[in-house]
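Notes for the structure review
One-letter residues, chain by chain:
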Amino acid sequence: MDTLETMTEPEIGARVDARGLSCPMPIVKTAQAIKTVASGALVEVLATDPGSLKDFTAWCRSTGNELVEQAADGTVYRFVIRRK
Amino acid sequence: MDEPINLVLFSGTDDKLQAAAVLTAGAAALGKPVNVFLQYWALDAFRAERIDRDHGLAPEAGAEGKGHVDALRTAGQASWAETLRQAKDLGSVDIQACSLSMDLLGIEESDLDPLVDGVEGVTAFYLNAGEGQVVFI
């Protein structure tokens, strides 16, 4: 984490593998993980719960964290969230 | 501070308790305080010695519904009790037993799982609920 400031792009500070977990565990695990990183740092989440797309959008809007990326690869969703 | 979400749990079957646990954890993840008030059969399911038992399903589940619930369990879905434990770790979740139901069922506070924070009456429940929504399950 010491090198974070010298990099142009913030690196992923925490990863959440929520594949196979049903609602609301992807969000619960993300809410836990985001507390472990500094403000401005990124958290990457992989999920398969079909509600994830709407849930992560809603969670970010409500909590003020920024949804930087969202992508779907088949049945796996990937989200990158920047802690506010 | 947001107004709390207030869940009154009455039913003691695993499907309804699971739904309630999901609502609780979702609210906790959003930073909303949650008050859970346990009445009747829901309270009975929170006895320490019974919490991990099979509590059955609501009658409308039928055989087909039970198949779906069992499949989700087999796939590794967290139990409602575990979901509530995670919700409590994450946010402000207060679980209270209804004092009338305690009397009705002959339950002592020491009989309850540590998930339960205390015993209160309906007046205290409404006071803590404030202007927040009340949901009965």
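Described in the following lines is the structure provided in the data block.

What counts as what
Residues numbered from 1 in each chain as written. Chains lettered and ligands numbered in written order. Predicted model: local features only at pLDDT ≥ 70, side-chain atom pairs only at ≥ 80, totals over all residues. Pairing = 2+ DSSP bridges. Helix = DSSP H or I, 4+ residues; strand = E, 2+ residues; numbered from the N terminus. Axes fitted to C-alpha atoms, helices over the stretch in contact; angles between N-to-C directions. Contact = placed C-beta atoms within 7 Å. Nonpolar A, V, L, I, M, F, W, Y, C, P; charged D, E, K, R; others polar. Parallel < 35°, antiparallel > 145°, perpendicular 65-115°, else oblique. Left-handed = near helix turned anticlockwise from the far one by under 90°.

Residues and elements named next belong to chain B. The parallel open sheet is built from 5 strands, whose spatial order is β4-β3-β2-β1-β5. If you trace the sheet from one side to the other, it starts and ends with β4 (118–120) and β5 (134–136), each paired once. Averaged over neighbouring strand pairs, the angle between their axes works out to 30° when direction is ignored. By the bridge criterion, 5 bridges tie strand β2 (residues 34–38) to strand β3 (residues 93–98) in an arrangement that is parallel. From the neighbouring strand, valine 34 faces β3, where its bridge partner is valine 93.

Moving on, we come to the interface of chain B and chain A. Counting residues at the interface gives 13 residues for chain B, matched by 12 residues for chain A. Elements supplying a minimum of two residues to the side of chain B that touches chain A: α1 (14–29) and α4 (80–90) of chain B. Per-element accounting of the side of chain B that touches chain A gives the leading share, 4 residues, to α1 of chain B. Among the residues making up the side of chain B that touches chain A, the classes are represented as 8 nonpolar, 5 polar and no charged.

Turning our attention to the sheet that holds strand β4 (residues 76–82) of chain A. Strand pairing in a sheet takes place through backbone hydrogen bonds and is either antiparallel or parallel in direction. All names here are of chain A. Judged by pairing direction, the sheet is mixed, and its 4 strands sit side by side in the order β1-β2-β4-β3 without closing on themselves. Sheet topology places β1 (12–18) and β3 (66–73) at the edges, where each strand pairs with a single neighbour. On average, adjacent strands in this sheet sit at an angle of 15° to one another, irrespective of strand direction. Examined bridge by bridge, β1 and strand β2 (residues 42–47) share 6 bridges and lie parallel to one another. Pairing of arginine 15 across the sheet is with glutamate 44, part of β2. Contacting β1, β2 and β4, helix α1 (residues 25–34) runs over the sheet at an angle of about 160° to β1. Strand contacts of helix α2 (residues 52–63): β2, β3 and β4, with the helix running at about 175° to β3, the strand carrying the most contacts.

What follows concerns the packing of α1 of chain A against α1 of chain B. Where α1 of chain A meets α1 of chain B, the axes come as close as 9 Å, and the angle between the chain directions of the two elements is 30°. When the interaxial angle is binned, α1 of chain A and α1 of chain B end up roughly parallel. Remark: the crossing between α1 of chain A and α1 of chain B carries left-handed chirality. Every residue of α1 of chain B that contacts α1 of chain A at Ile27, Val28 and Ala31 of chain A is listed here: Ala25, Gly26 and Ala29 of chain B. In the contact of α1 of chain A with α1 of chain B, the residues fall into 5 nonpolar, 1 polar and no charged.

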